[in-house]
Amino acid sequence: MTDVTNATISTRGKRRARRNSSDRTWTFYVLAAFFAFYVIALYGPMLSIYILSFQDLRGGLVFPMRGFSLYWFNELIMQTRAGDVSGSFTRSIYLAIAVTVITVVFSFMAGMAFRRRFRGDTIVFYLMIGSLVAPGLVLGIGIGLGFDMAGIPTNWFTSALGAQLSWTLPFGILVMFAVMSRLNSDWEEAARDLGASRAQTIGLVVLPVLAPGLIAVALFGFTLSYDEFARTLQTAGAQNTLPLEIWSMTLNVTSPALYALGTVSTVISFLIIGVSLGSIILLQRRNAARKNISE
Amino acid sequence: MKLNKTAVGWLNVTPLLAIMVPFFIMPIIVVAIASIMQTDGFGGMFMDPTLENYTYVFQSALTYRLYFETIKFAALTLIFSAFIGFWVAYFLVFHVRSKLLAMGLFLICTVPFWTSNIIRMISWIPLLGKEGLINQALMAMGFIDAPLEFLLYSDFAVVVAYVHQLTIFMIVPIFNSMARIDKRVVEAALDAGASKFDIMRYIILPMSKSGIALGAIFVVSIVMGDFFVVKVMSGGGTASVVGAFYEDIGVLQYPSAAASAIVLTILVMLMVALILRVVDIRKEITQ
């Protein structure tokens with residue numbers, strides 16, 4: 001009996017030892033290679049268009065690279081061949097800012113509501129999921145037709161704004177769910193016990209704790225709007241947003257100007273990501289520092 | 001003033017509803033109404049309720065071909081993105097030992113999500129084209145004599161572009177559900193003599209099922225509702241349900257387009273409802 005137990009323990013010990021010393025079995029190397037391949041396939045194509053956008057006048061859509069200049073970026077700004085790029089760009093930024101602000105505020109409120117069950121919450125939840133998965137172009141056409149019937153002209157800052165919100169809000173709320181699961185309701189109770197009003201509890205306890213998550217929601221709102229195409233196509237009215245401009249370029253323009261636009265648009269995206277991630281890290285550091293002081 | 005729970009809840013979701021009603025419910029109703037109207041053939045519509053538009057949609061052989069194509073793309077994209085997403089997440093959660101490194105690699109996977117989808121799609125052109133990098137490389141190495149034609153403007157290119165765009169929707173939820181698996185459970189299973197295959201089958205797969213389902217909702221609904229990728233990457237050779245819808249709108253065939261849009265919307269909702277039966281997504285996210 002003891003022999004058997006000893007034997008089991010010793011094999012178990014051996015197995016554990018083996019696991020700790022050389023956990024790097026063949027599966028690790030296969031999966032590491034797989035992961036590397038995925039990352040290369042993810043970034044490789046994007047890199048190629050950034051490189052190709054710096055060609056000169058002779059440039060084409062494929063390698064090899066012909067010359068090196070900023071010719072195609074200049075072409076973009078001159079809007080001789082490429083249409084109204086800078087105008088659509090400005091509109092997209094304004095629209096994305098509006099979508100971001102509304103998404104953050106409304107998602108926060110809805111997130112607070114969904115923390116507790118209330119009568120009819122399931123209906124609201126599935127309504128939201130429905131809005132998320134419905135075909136974007138169908139919704140866009142419905143909104144366009146509806147505005148038409150009501151005699152209201154479609155415009156990027158009215159109908160397109162609403163159309164984009166029907167997609168960014170459910171997304172923002174789903175992110176909010178994940179963020180709120182980390183909010184301990186004991187903290188709010190403690191604040192109330194210490195005599196904080198409802199507004200003070202939210203302003204001094206809930207918001208600072210959730211701040212990194214709210215920035216994440218803002219990042220979602222901004223980038224989803226900045227990139228939105230299907231819902232905007234039929235709702236933007238006479239003036240294009242940037243993705244619509246890119247869409248018409250893919251159909252008409254066969255020059256590296258298209259790639260140059262891709263490069264510019266990506267630089268903006270990376271700036272937004274950088275600022276967001278930077279502020280999340282900053283906030284978390286500050287929170288951690290506060291914790292240290294209080295301890 | 002003391003409000004009860006239900007009133008507070010509804011007050012908090014009022015702004016959400018103020019968007020959902022005019023920009024989700026209203027357009028669906030408008031499209032549903034348009035689908036039972038009749039057209040005068042010149043873009044005008046008049047109200048004389050009819051189901052003709054629906055019989056037209058269901059009798060047309062084109063409809064079935066379009067749905068077959070679109071569902072084929074959705075299924076292929078789902079298979080590839082789930083496979084890649086699963087193993088990438090598995091690698092990050094179970095094989096990368098440093099938590100910081102795992103987070104860093106995870107971020108590397110997610111960054112492209114914040115950049116333009118359209119740009120990412122176009123970026124395959126210099127690679128897959130007839131004179132693209134892949135053909136150039138293969139020819140230089142002597143594997144092929146003539147450029148491979150199927151690489152760009154083909155079904156292959158469409159699937160590549162979809163998988164490239166949508167795998168991220170698989171990685172994030174699968175990563176989240178795998179990260180919640182208690183490593184001690186795996187240890188215990190190893191101690192009890194379970195093989196790697198057993199651990200995968202009885203622990204990891206069942207526990208990441210909800211992540212896969214959540215990702216599948218995004219992948220299926222996006223591919224089913226897309227026409228952009230199919231249009232550009234297939235070079236016009238393949239149509240999609242939404243693409244045909246868009247063309248009908250272009251030639252002012254509103255009622256029949258609306259009928260096909262309603263059919264599509266119902267189909268997508270049914271697919272999502274089917275996936276939701278597998279996973280309680282609300283419980284899943286709030287955990």
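Before reading further, recall that the structure is shown in the block above.
Residues numbered from 1 in each chain as written. Chains lettered and ligands numbered in written order. Predicted model: local features only at pLDDT ≥ 70, side-chain atom pairs only at ≥ 80, totals over all residues. Heavy atoms only, no water.

Visitor: Is there a simple way to think about the overall build of chain A in this case?
Guide: Scanning chain A from terminus to terminus reveals 12 helices and zero strands. Reading the secondary structure of chain A in the N-to-C direction produces α-α-α-α-α-α-α-α-α-α-α-α. Taken across its 295 residues, chain A has 50% of its residues classed as buried. Sequence separation of 24 or more characterises 70% of the internal contacts of chain A that already satisfy a separation of 6 or more. When the accessible surface of chain A is split by element, carbon and sulfur atoms take 65% of a total near 14200 Å². (Helix = DSSP H or I, 4+ residues; strand = E, 2+ residues; numbered from the N terminus. Buried < 20%, exposed > 50% of the residue type's maximum accessible area, 1.4 Å probe, protein only. Contact = heavy atoms within 4.5 Å. Areas by Shrake-Rupley, 256 points an atom, 1.4 Å probe, with all protein chains shown as cover.)

Visitor: I'm lost on the environment of Ser185(A) in this one. Help?
Guide: Residue and element names in this part refer to chain A. Along the chain, serine 185 falls in helix 8 (residues 185-193). Under the relative-accessibility criterion, serine 185 is labelled partly exposed at 38%. In this structure the C-alpha to C-alpha distance between serine 185 and arginine 115, which are 70 residues apart in sequence, comes to 9.7 Å.

Visitor: Before we go on, may I ask you to explain the interface of chain B and chain A in this structure?
Guide: A common way to express how large an interface is: the accessible area buried when the components associate. At the interface, 89 residues of chain B touch 99 residues of chain A. Of the roughly 8500 Å² buried where chain B meets chain A, counting both sides, 78% is carbon and sulfur surface. On the chain B side of the contact with chain A, Phe23(B), Trp114(B) and Arg282(B) bury the most area, a combined 10% of that side's loss. At the surface where chain B touches chain A, the tally comes to zero salt bridges. Counting across the interface, chain B meets chain A through seven residue pairs in polar contact (both at pLDDT 80 or more). Of the residues assigned to the side of chain B that touches chain A, the class counts are 61 nonpolar, 18 polar and 10 charged. (Buried area = accessible area lost by both parts, 1.4 Å probe. Salt bridge = Lys/Arg side-chain N within 4 Å of Asp/Glu carboxyl O. Polar contact = N/O pair within 3.5 Å; in protein donor to acceptor, adjacent residues only side chain to side chain. Nonpolar A, V, L, I, M, F, W, Y, C, P; charged D, E, K, R; others polar.)

Visitor: Can you help me understand a nonpolar patch on the surface in this one?
Guide: Residue and element names in this part refer to chain A. Together, Leu47, Ile51, Met65 and Phe68 line one region of the surface with nonpolar side chains, adding up to about 400 Å² of accessible area. Mapped onto the secondary structure, isoleucine 51 falls in helix 2 (residues 26-52). Looking at isoleucine 51, the relative accessible area reads 42%, which means it is partly exposed. (Patch = residues over 30% accessible without salt bridge, like charges linked within 9 Å, V, L, I, M, F, W, Y side chains within 5 Å.)

Visitor: Even after reading the chapter, I still don't get a positive patch on the surface, so can you show me in this structure?
Guide: A cluster of basic residues, Arg116(A), Arg192(A), Arg198(A) and Lys5(B), forms a positive patch on the protein surface. Along the chain, Lys5(B) turns up in helix 1 (residues 5-34). (Lys, Arg positive; Asp, Glu negative; His and termini not counted. Charge placed at Lys NZ, Arg CZ, Asp CG, Glu CD.)

Visitor: What am I meant to see in helix 9 (residues 198-226) of chain A here?
Guide: One turn of the α-helix equals 3.6 residues, which is why residues spaced by three or four share an orientation. When the terminal C-alpha atoms of helix 9 of chain A are compared, their 35 Å separation across 29 residues is substantially less than the 42 Å that a helix rising 1.5 Å per residue should span. At Ala211(A), helix 9 of chain A is deflected by roughly 60 degrees, the largest bend along its length, and proline Pro212(A) occurs up to four residues later in sequence. (Expected span 1.5 Å × (residues − 1). Bend = angle between axes of the 7 residues up to and from the residue.)

Visitor: Sorry, what's going on with the packing of helix 5 (residues 121-133) of chain A against helix 7 (residues 159-180) of chain A here?
Guide: When two helices pack together, their arrangement is given by the angle between the helix axes and by the axis-to-axis distance. All names here are of chain A. For the pair helix 5 and helix 7, interaxial distance at closest approach is 8 Å and the crossing angle is 125 degrees. With respect to helix 7, the axis of helix 5 lies oblique. In this structure, the crossing between helix 5 and helix 7 has a hand that is left-handed. Here Phe125, Met128, Ser131 and Leu132 of helix 5 come into contact with helix 7, specifically with Ser166, Trp167, Pro170, Phe171, Ile173, Leu174 and Phe177. Of the residues that constitute the contact of helix 5 with helix 7, the class distribution is nine nonpolar, two polar and no charged. (Axes fitted to C-alpha atoms, helices over the stretch in contact; angles between N-to-C directions. Parallel < 35°, antiparallel > 145°, perpendicular 65-115°, else oblique. Left-handed = near helix turned anticlockwise from the far one by under 90°.)

Visitor: Teacher, can you tell me more about helix 8 of chain A here?
Guide: One side-chain oxygen of the residue at the start of helix 8 of chain A lies 3.0 Å from the amide nitrogen of Asp186(A), identifying that residue as Asn184(A). Following helix 8 of chain A by one or two positions, Gly195(A) has its phi on the positive side, about 95 degrees.

Visitor: What is the right way to look at the packing of aromatic side chains in this model?
Guide: Here the structure, examined in full by the defined rule, presents 36 aromatic pairs over all chains. On the numbers, 6.0 Å between centres and 90 degrees between planes, the contact of Phe34(A) with Phe83(B) is edge-to-face. In this pair, Phe34(A) is assigned in helix 2 and Phe83(B) in helix 3 (residues 61-95), connecting two distinct chains. Among the aromatic residues, those joined into a cluster by ring pairs are Phe114(A), Phe118(A), Phe125(A), Tyr126(A), Phe177(A) and Trp10(B). Taking the ring centre of Phe73(B) as reference, the NZ or CZ of Lys72(B) above it sits at 5.2 Å. (Phe/Tyr/Trp six-rings, centres within 6.5 Å; stacked < 30°, edge-to-face > 60°. Lys NZ or Arg CZ within 6 Å of the ring centre and 35° of its normal.)

Visitor: Could you clarify how one ought to interpret empty space enclosed by the protein in this entry?
Guide: In this approach a probe as big as a water molecule rolls over the atoms, and the regions it shows empty are the leftover space. This model, assessed by the stated rule, comprises three cavities of 30 Å³ or more. For the largest cavity, the lining is made up of 27 residues, of which Trp167(A), Glu228(A), Ala230(A), Asn117(B) and Ile222(B) are closest to its centre. Residue assignment for the lining of the largest cavity shows that the elements contributing at least two residues are helix 5, helix 9 and helix 10 (230-233) of chain A together with helix 5 (117-122), helix 8 (155-179), helix 10 (196-224) and helix 11 (228-233) of chain B. Each residue belonging to the lining of the largest cavity can be placed in one class, and the counts come to 16 nonpolar, six polar and five charged. (1 Å grid on protein atoms, 1.4 Å probe; cavity = no way out; pocket = protein on both sides within 12 Å on 5 of 7 lines; lining within 4 Å. Points joined across faces, edges and corners; volume = space filled by probe spheres on them.)

Visitor: When you look at the pattern of salt bridges in this model, what are you seeing that I'm missing?
Guide: All names here are of chain B. On inspection of all chains with the given rule, the structure shows seven salt bridges over all chains. Residue lysine 72 pairs with aspartate 155 through a salt bridge whose shortest N-O separation is 2.9 Å. Pair noted here: lysine 72 is in helix 3 and aspartate 155 is in helix 8, with a separation of 83 residues, a long-range link. You can call aspartate 155 partly exposed: its relative accessible area is 30%.

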